[in-house]
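Coordinate analysis (summary)
Each chain, letter by letter, is given below.
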Amino acid sequence: MAVLIIAPGLKADWWARELHEQNPAFDVRIWPDAGDPDDIDYALAWKPPPGVLASFPNLKVVFSLGAGVDHLLIDPDFPPHSRISRVVDPYLTAGMVEYVLLHVLRYHKNQPALDDQQRARVWDDRAHELKQADERRIGILGLGELGQAAARALVALEFDVAGWSRSPKTIADVQCFHGSAGLNDLLARTDILVCLLPLTPETENILCEELFARLPEGAYLINAARGGHLVEDDLIPALESGQLGQATLDVFQTEPLPDNHPFWGHRQITVTPHNASITDPRSVARQIVEGITAVEDGNPLPNAVDRKLGY
Ligand code: NAP
Ligand code: GLV
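The shown structure was predicted, so the numbers you read here are calculated from the model rather than taken from an experiment.

Points about the site of ligand 1
With respect to spatial proximity, 28 residues lie near ligand 1, and among them R86, S167, K169, D250 and Y311 are the closest. In this structure, an oxygen atom belonging to ligand 1 sits 2.9 Å away from a side-chain N or O atom of R86. S277 has a polar backbone atom sitting 3.0 Å from an oxygen atom of ligand 1. Relative to its unbound accessible surface of 940 Å², ligand 1 loses 93% to contact with the protein. Of all elements in the fold, only α5 (145-156) and β7 (160-165) reach the threshold of two or more residues within the shell around ligand 1. Composition of the shell around ligand 1 by domain shows at least three residues from each of domain 1 (2-89 + 279-296) and domain 2 (90-271).

Remarks on the packing of aromatic side chains
Using the criterion set out here, one finds 3 aromatic pairs in the structure. Judged by centre distance (6.5 Å) and plane angle (50°), the rings of F252 and F263 are tilted. One end of the pair, F252, is in the loop between β11 (244-249) and β12 (269-271); the other, F263, is in the loop between β11 and β12, with 11 residues separating them in the sequence. The burial state of F252 is the same as that of F263; both residues are buried.

What to know about the environment of R83
With respect to the secondary-structure elements, R83 resides in strand β5 (residues 83-85). Placed 211 residues apart in sequence, R83 and A294 show a C-alpha to C-alpha distance of 13 Å. Setting aside residues up to four positions removed in sequence, R83 forms contacts with K60, V61, V62, V295 and L301.

Looking at a negative patch on the surface
There is a patch of like negative charges on the surface, built from D134, E135, E158 and D173. Along the chain, the position of E135 falls in the loop between α4 (111-119) and β6 (137-141). Taking relative accessible area as the criterion, E135 reaches 43% and is therefore assigned partly exposed.

Thoughts on the domain arrangement of the protein chain
The domains assigned to the protein chain are domain 1 (2-89 + 279-296) and domain 2 (90-271). Placing the centre of domain 1 and that of domain 2 at their C-alpha centroids yields a distance of 32 Å. The partner domain 2 presents 8 residues to the 12 residues of domain 1 that form the contact. Summed over both sides, the interface of domain 1 with domain 2 buries roughly 820 Å², with 55% coming from carbon and sulfur.

Things to note about empty space enclosed by the protein
Counting across every chain of the model gives 1 cavity of 30 Å³ or more. Roughly 30 Å³ of internal volume is contained in the largest cavity. Taken together, A67, R86, V87, V88, D89, L92, T93, E145 and L146 form the lining of the largest cavity. Among the elements of the structure, α3 (90-108) and α5 are those that each provide at least two residues to the lining of the largest cavity.

About the cut-offs
- Residues numbered from 1 in each chain as written.
- Chains lettered and ligands numbered in written order.
- Predicted model: local features only at pLDDT ≥ 70, side-chain atom pairs only at ≥ 80, totals over all residues.
- Heavy atoms only, no water.
- Near = heavy atom within 4 Å.
- Polar contact = N/O pair within 3.5 Å; in protein donor to acceptor, adjacent residues only side chain to side chain.
- Areas by Shrake-Rupley, 256 points an atom, 1.4 Å probe, with all protein chains shown as cover.
- Helix = DSSP H or I, 4+ residues; strand = E, 2+ residues; numbered from the N terminus.
- Domains from an automatic or database assignment.
- Phe/Tyr/Trp six-rings, centres within 6.5 Å; stacked < 30°, edge-to-face > 60°.
- Buried < 20%, exposed > 50% of the residue type's maximum accessible area, 1.4 Å probe, protein only.
- Contact = heavy atoms within 4.5 Å.
- Patch = residues over 30% accessible without salt bridge, like charges linked within 9 Å, V, L, I, M, F, W, Y side chains within 5 Å.
- Salt bridge = Lys/Arg side-chain N within 4 Å of Asp/Glu carboxyl O.
- Lys, Arg positive; Asp, Glu negative; His and termini not counted.
- Charge placed at Lys NZ, Arg CZ, Asp CG, Glu CD.
- Buried area = accessible area lost by both parts, 1.4 Å probe.
- 1 Å grid on protein atoms, 1.4 Å probe; cavity = no way out; pocket = protein on both sides within 12 Å on 5 of 7 lines; lining within 4 Å.
- Points joined across faces, edges and corners; volume = space filled by probe spheres on them.

Written as structure tokens, this is what we have:
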């Protein structure tokens with residue numbers, strides 16, 4: 001039994017060390033030095049080049065090195081017999097909650113305008129007119145691991161929080177909407193929209209002109225999910241017409257964001273380099289070793305992904 005790490009651009013050595021620390025008996029290999037392809041039972045992968053996973057005929061499980069699995073399912077040759085497990089980790093969740101709180105609070109406290117005023121040496125007393133948190137309506141697209149944790153943290157700060165998911169949910173102090181009918185109701189009552197959806201054929205391009213039009217004028221957008229959720233050409237017109245007030249984007253159609261991309265210099269857009277929350281090998285290696293042990297012992301795969309749903 002061998003474990004292969006396929007993560008071009010990530011610190012594969014660090015992952016190998018952490019796996020060994022958890023279980024020194026593991027035969028850990030780093031792609032492209034896979035050895036005999038028949039040996040490979042498990043892979044840890046982040047954005048593997050399409051077609052590579054198909055070259056391992058005995059691959060039982062692919063462990064995504066992130067919460068999202070779109071980077072795996074995009075591969076038309078993803079082995080049909082391999083299952084997928086994804087990261088669900090307290091550090092990853094905490095990182096996302098921090099990101100959402102940071103950017104919600106920035107908009108709630110009107111900080112982008114205050115930054116402009118500081119640069120212009122303007123002391124404007126109207127800056128004292130702020131809303132209370134319970135007057136600020138937050139809408140979260142996606143009420144999974146990350147969306148629910150963000151919702152709970154915002155509720156703890158007294159925000160007026162609602163969320164949207166595919167299936168119905170009951171979450172204390174959060175107004176829950178679901179399905180396409182529920183989306184309209186969520187949008188109509190949202191001042192700050194936070195996207196924490198997985199990228200699937202159903203959610204691709206969801207953040208578009210038509211959706212922005214259903215938000216109250218001047219709403220803020222925070223996309224910390226995937227670049228494929230946003231129709232990038234629709235964003236600047238929505239900001240410049242005033243339909244959206246500001247946008248914070250952590251993820252983009254093309255990453256790294258190209259040098260000449262108009263988002264970089266736009267004063268209503270905050271760009272972060274896909275660092276809203278980062279997988280920490282120190283805690284996730286343990287989870288992966290437990291997952292491999294579970295499968296080897298004939299137990300259910302933890303954090304299994306439903307390949308039909310795409311998340
Ligand atoms: P998750 O636990 O799988 O939750 C996904 C949520 O989205 C669920 O509530 C699900 O509804 C909902 N959903 C899926 N398809 C939907 C649809 N068609 N309509 C309405 N709701 C839908 O995922 P997670 O762990 O919270 O992570 C969410 C995403 O965040 C990941 O897929 C990843 O792309 C992104 N992410 C980004 C970063 C970053 O640094 N920027 C870091 C980590 C993760 P149900 O509850 O009804 O199934
Ligand atoms: C990061 O983007 C993740 O999916 O964990």
